[in-house]
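Working through the structure, step by step
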Amino acid sequence: MPELPEVETIARKLRKPLVGRTITAVEICWPRTIAAPSPTEFERQIVGQTVQAVGRRGKFLVLQLSEGATLLVHLRMAGQLLLKSSVSPPGKHVRVVFTLDDGSTLRFRDQRKFGRMWLVDDPQVVLGKLGPEPLADDFTPQVLARLIGRRSGMLKPLLLNQSFLAGLGNIYADEVLFRAGLHPRRKADSLNETEVTQLYHAIRQVLEEAITGQGTTFDGVYQQVNGSSGAFQDSLQVYRRAGKPCPRCGTPIERTTVGGRGTHFCPHCQPVP
Ligand SMILES: [Zn+2]
């Protein structure tokens, strides 16, 4: 469920408290959270490492460690990273606890158990297949035009495809297509130059606004590192608004299924192809 804006918000909030801190202990409560290496090896390698940088690539949180290793975290459906100022028992649904040299802890709570962590020397082993980073300087309308011109599939599943573009999930794909005025079932290679440019700006604007809003929280799933919710759910235009009036034209928002995913759109602003 957490998408680029949620992971970016977490990365920004973790940067100050984590950079320069050394991991003094790790407690693995649910071994399958550790995708690589083995849980025993993970513990052996990570204890004693200092966090040098906290970043993000697509929906992955990227922690650069002192010995050239990288810790990658993917929250998947319901993972949460919570910072606590003191050592206390892990608590419900906590799968991994990192203790830091200032006595604070970083907890990975994950009710659904789909979240994963990797400790790797080369992050490309995990991140190598990801498409461009939508907020990067080198992601331009020309880059999007080049990528999209080669694709004959529908826009909605294409935007969800992480090897096409990294970071979008179901919420922001719907919001982006509404902002661009494009129907989710439009074929990618049917877009003219103006429509590609609209799509490009919609992607950047929606993601930037959602980061400013510190992400979208539904059903308490996404939480910031201090346990508070995001605020962008109040700014969504179509997602989870079926039957409510389109903010642009007043037509009721519709919900349909595209590529197996629940999809929200305005039938007036996003005409059927
Ligand atoms: Zn509308």
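Residues numbered from 1 in each chain as written. Predicted model: local features only at pLDDT ≥ 70, side-chain atom pairs only at ≥ 80, totals over all residues.

**Considering the overall build of the chain**
To keep things clear, this is the line we draw: Only runs of H or I of at least four residues qualify as helices and only runs of E of at least two qualify as strands under DSSP, and these elements are numbered from the N terminus. Throughout, radius of gyration means the C-alpha value; the globule benchmark is 2.2 Å times the number of residues raised to the power 0.38. Contact definition: two residues whose C-beta atoms, as placed from backbone geometry, lie within 7 Å.
Scanning the chain from N- to C-terminus turns up 7 helices and 11 strands. Against the globule reference of 19 Å for 273 residues, the chain gives a C-alpha radius of gyration of 20 Å, in line with a compact fold. Projected onto the principal axes, the alpha-carbon positions of the chain cover approximately 55 × 35 × 30 Å. Sequence-distant contacts in the chain: of pairs separated by 6 or more residues, those separated by 24 or more amount to 64%.

**Describing helix H1 (residues 4–18)**
Side chains of residues three or four places apart in an α-helix project in the same direction, reflecting 3.6 residues per turn. Going by this rule: One less than the residue count of a helix, multiplied by 1.5 Å, gives the span that helix is expected to have.
Compared with an ideal rise of 1.5 Å per residue, which puts 15 residues at 21 Å, H1 spans 20 Å between its outermost C-alpha atoms and is within 8% of the ideal. Buried positions along H1 lie against strand E3 (51–57), strand E4 (60–65), strand E6 (79–84) and helix H7 (193–212). Positive phi shows up at Gly20, right after H1, with a value of about 95 degrees.

**Looking at the packing of helix H6 (residues 170–180) against H7**
Operational definition: Inter-axis angles, ranging from 0 to 180 degrees, are taken between N-to-C directions of lines fitted to C-alpha atoms, where helices are fitted over the stretch in contact. Here the word oblique covers every angle except those under 35 degrees (roughly parallel), over 145 (roughly antiparallel) and from 65 to 115 (roughly perpendicular). For any helix crossing, the convention is left-handed if the near helix is rotated counterclockwise from the far helix by under a right angle, and right-handed if that rotation is clockwise. Gly falls in the polar group here, along with every residue not listed as nonpolar (Ala, Val, Leu, Ile, Met, Phe, Trp, Tyr, Cys, Pro) or charged (Asp, Glu, Lys, Arg).
Running from amino to carboxyl end, H6 crosses H7 at an angle of 130 degrees, the nearest separation of the two axes being 8 Å. Overall, the two elements H6 and H7 adopt an arrangement that is oblique. Judged by the sense of rotation from one axis to the other, the crossing of H6 with H7 is right-handed. The residues of H7 that touch H6, namely those facing Tyr172, Glu175, Val176, Arg179 and Ala180, are Gln198, Leu199, Ala202, Ile203, Gln205, Val206, Leu207 and Ala210. Across the contact of H6 with H7, the residue classes break down as 9 nonpolar, 2 polar and 2 charged.

**Re the nonpolar core**
We count it as follows: Here, a nonpolar core means buried Ala, Val, Leu, Ile, Met, Phe, Trp, Tyr and Cys residues linked by C-beta atoms lying within 7 Å of one another. Exposure is read from a count of other C-beta atoms within 10 Å of each residue's own; the residue is exposed at 12 or fewer, buried at 20 or more and partly exposed in between. C-beta atoms are placed from the backbone.
One finds Val73, Tyr172, Val176, Leu177 and Leu199 to be the most contacted residues of the largest nonpolar core, which totals 64 residues. Once residues within four sequence positions are removed from consideration, Tyr172 is found in contact with Glu3, Val206, Leu207 and Ala210.

**A few points about the sheet that holds E6**
Worth spelling out the cut-off: A pair of strands is considered paired only if DSSP assigns at least 2 bridges between the two.
Ordered in space as E1-E7-E8-E6, the 4 strands form an open sheet in which the pairing is antiparallel. Two strands lie at the open edges of the sheet, namely strand E1 (23–28) and E6, each paired on one side alone. Adjacent strand axes in the sheet meet at a mean angle of 15 degrees when their direction is disregarded.

**A few points about the environment of Glu3**
Assignment of secondary structure puts Glu3 in the segment before H1. The exposure class assigned to Glu3 is buried, which follows from the 23 C-beta atoms found within 10 Å. Sequence spacing of Glu3 and Met77 is 74 residues, and the spatial spacing of their C-alpha atoms is 9.8 Å. Non-local contacts of Glu3, meaning those with residues more than four positions away in its chain, are made with Lys59, Gly167, Leu168, Gly169, Ile171 and Tyr172.

**Considering the domain arrangement of the chain**
Interface size is commonly expressed as the accessible surface area that is lost when the partners come together. Going by this rule: All the domain ranges listed were derived from an automatic or database domain assignment.
Once the domains are mapped, the chain shows domain 1 (4–127) and domain 2 (141–265). Domain 1 and domain 2 are separated by 28 Å when their C-alpha centres are compared. The partner domain 2 presents 19 residues to the 16 residues of domain 1 that form the contact. Residue assignment for the side of domain 1 that touches domain 2 shows that the elements contributing at least two residues are H1 and E6. For the side of domain 1 that touches domain 2, the element with the most residues is H1, which contributes 8 residues.

**Here's the deal with the environment of Pro157**
By secondary structure assignment, the location of Pro157 is in helix H5 (residues 155–160). Residues Pro157 and Ala173, 16 residues apart in the sequence, show an inter-C-alpha distance of 8.7 Å. For Pro157, the residues in contact, after removing those within four places along its chain, are Val258 and Gly259.

**Here's the deal with the sheet that holds strand E2 (residues 34–36)**
Read across the open sheet, the 5 strands follow the order E2-E9-E5-E4-E3; overall the sheet is mixed. Two strands lie at the open edges of the sheet, namely E2 and E3, each paired on one side alone. The sheet shows a mean angle of 20 degrees between the axes of neighbouring strands, taken without regard to direction. Sheet topology note: the E3/E4 ladder contains 6 bridges and is antiparallel. Residue pairing in the sheet places Ala53 in a bridge with Gln64 of E4. Here helix H2 (residues 39–46) sits on the sheet and contacts E2, strand E5 (70–74) and strand E9 (116–120); the angle it forms with E9, its principal contact strand, is near 55 degrees.

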